[in-house]
Amino acid sequence: RFVDVRLVAATNSDMQSAIKDGRFREDLFYRVNVIPIHVPPLRERKEDIVLLAEHFLRKFAQESKREIGGFHDTALSMLERYDWPGNVRELENAVEYAVMLCQDGTITEHNLPPQVRRTPSSPAGSTPLTLEEVEAAHILEVLESTGWNQDRSAGILGIGRTTLWRKLKRYGIAPKKHSQAASK
């Protein structure tokens with residue numbers, strides 16, 4: 001049988017340095033480095049941020065069965081100002097976070113993760129978060145850090161599991177599908 005295969009590989013490492021340091025085989029490098037494509041980091045292609053954010057919004061709104069119409073202009077401005085050191089994956093996580101916190105059908109700056117809201121270029125007069133928004137964001141961060149294990153999250157938060165459940169319901173934070181079994 002004849003099989004025609006194309007390999008696409010990606011790295012954020014300097015491969016020439018890796019070869020020189022003996023961390024990557026030179027012969028393998030020349031086998032896979034036929035057509036190199038340089039994709040600049042997200043911070044260098046700001047024009048892609050809104051398109052990607054809207055794509056991720058549709059994806060996560062559909063997955064979580066939530067009606068979210070889009071982003072408020074202030075939220076979009078914050079997304080565009082942020083440097084995205086984690087590139088597209090960080091943007092994807094930020095939009096998923098915002099979808100989980102969104103309560104009124106439009107993602108606002110208050111729904112964005114704290115690191116995105118804390119950009120040095122954030123407007124001085126931006127509205128501070130309410131106590132409920134801070135609590136919801138903190139609960140979501142703890143859930144993410146435990147892989148959505150609700151027993152462990154409740155312990156870290158210093159509350160009972162039923163209290164955590166009530167807060168999740170109150171803030172409209174839906175458990176992740178893939179980790180529901182693990183958190184029961």
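Before going into details, it helps to say that this report is about the structure given with it.

Calculation rules
- Residues numbered from 1 in each chain as written.
- Predicted model: local features only at pLDDT ≥ 70, side-chain atom pairs only at ≥ 80, totals over all residues.
- Heavy atoms only, no water.
- Salt bridge = Lys/Arg side-chain N within 4 Å of Asp/Glu carboxyl O.
- Phe/Tyr/Trp six-rings, centres within 6.5 Å; stacked < 30°, edge-to-face > 60°.
- Buried < 20%, exposed > 50% of the residue type's maximum accessible area, 1.4 Å probe, protein only.
- Core = buried A, V, L, I, M, F, W, Y, C linked by side-chain atoms within 4.5 Å.
- Helix = DSSP H or I, 4+ residues; strand = E, 2+ residues; numbered from the N terminus.
- Contact = heavy atoms within 4.5 Å.
- Axes fitted to C-alpha atoms, helices over the stretch in contact; angles between N-to-C directions.
- Parallel < 35°, antiparallel > 145°, perpendicular 65-115°, else oblique.
- Left-handed = near helix turned anticlockwise from the far one by under 90°.
- Nonpolar A, V, L, I, M, F, W, Y, C, P; charged D, E, K, R; others polar.
- Arc of directions from axis to C-beta.

**A word on the pattern of salt bridges**
Here is step 1: The full count for this structure, using the stated rule, is eight salt bridges.
Here is step 2: Of the charged contacts in the structure, one is a salt bridge between Asp21 and Arg23, with a shortest N-O distance of 3.5 Å.
Here is step 3: Between Asp27 and Arg25 there is a salt bridge, and its shortest N-O distance comes to 2.8 Å.

**A word on the packing of aromatic side chains**
Here is step 1: Per the stated rule, a full pass over the model turns up two aromatic pairs.
Here is step 2: On the basis of an interplanar angle of 75 degrees and a centroid distance of 5.1 Å, the ring pair of Phe29 and Tyr30 is categorised as edge-to-face.
Here is step 3: Phe29 gets classed as buried once you look at its relative accessible area, which sits at 9%.
Here is step 4: On the numbers, 4.6 Å between centres and 85 degrees between planes, the contact of Tyr82 with Trp84 is edge-to-face.
Here is step 5: The exposure class assigned to Tyr82 is buried, which follows from its relative accessible area of 10%.

**Quick notes on the nonpolar core**
Here is step 1: If you look at the biggest cluster of nonpolar residues, it comprises 23 residues, and the most contacted ones within it are Phe71, Leu79, Trp84, Val95 and Ile107.
Here is step 2: Those elements that place two or more of their residues in this core are helix H3 (49-63), helix H4 (73-81) and helix H5 (87-101).
Here is step 3: In this structure, Leu79 is in contact with Ile49, Ala53, Phe71, Trp84, Leu91, Leu112 and Val116, ignoring residues within four places of it in sequence.
Here is step 4: Within the second largest apolar cluster, 14 residues are counted, among which are Tyr97, Met100, Leu164 and Leu168.

**Observations concerning the packing of H3 against H4**
Here is step 1: Axis separation between H3 and H4 bottoms out at 10 Å; the angle between their running directions is 120 degrees. In terms of orientation, H3 lies oblique with respect to H4. Crossing angle aside, the handedness with which H3 passes H4 is right-handed. For the pair H3 and H4, the contacting residues are Ile49, Val50 and Ala53 in the first and Leu76, Leu79 and Glu80 in the second.
Here is step 2: Partitioning the contact of H3 with H4 into residue classes produces five nonpolar, no polar and one charged.

**Notes on helix H9 (residues 161-171)**
Here is step 1: When H9 is considered as a whole, its buried residues turn out to be Leu164, Lys167, Leu168 and Tyr171. All buried residues of H9 lie within an arc of 100 degrees about the axis, which places them on one face of the element. In H9, the exposed positions that point more than 90 degrees away from the buried face belong to Thr162, Lys169 and Arg170.
Here is step 2: For H9, the elements touching its buried residues are H5, helix H7 (131-145) and helix H8 (150-157).

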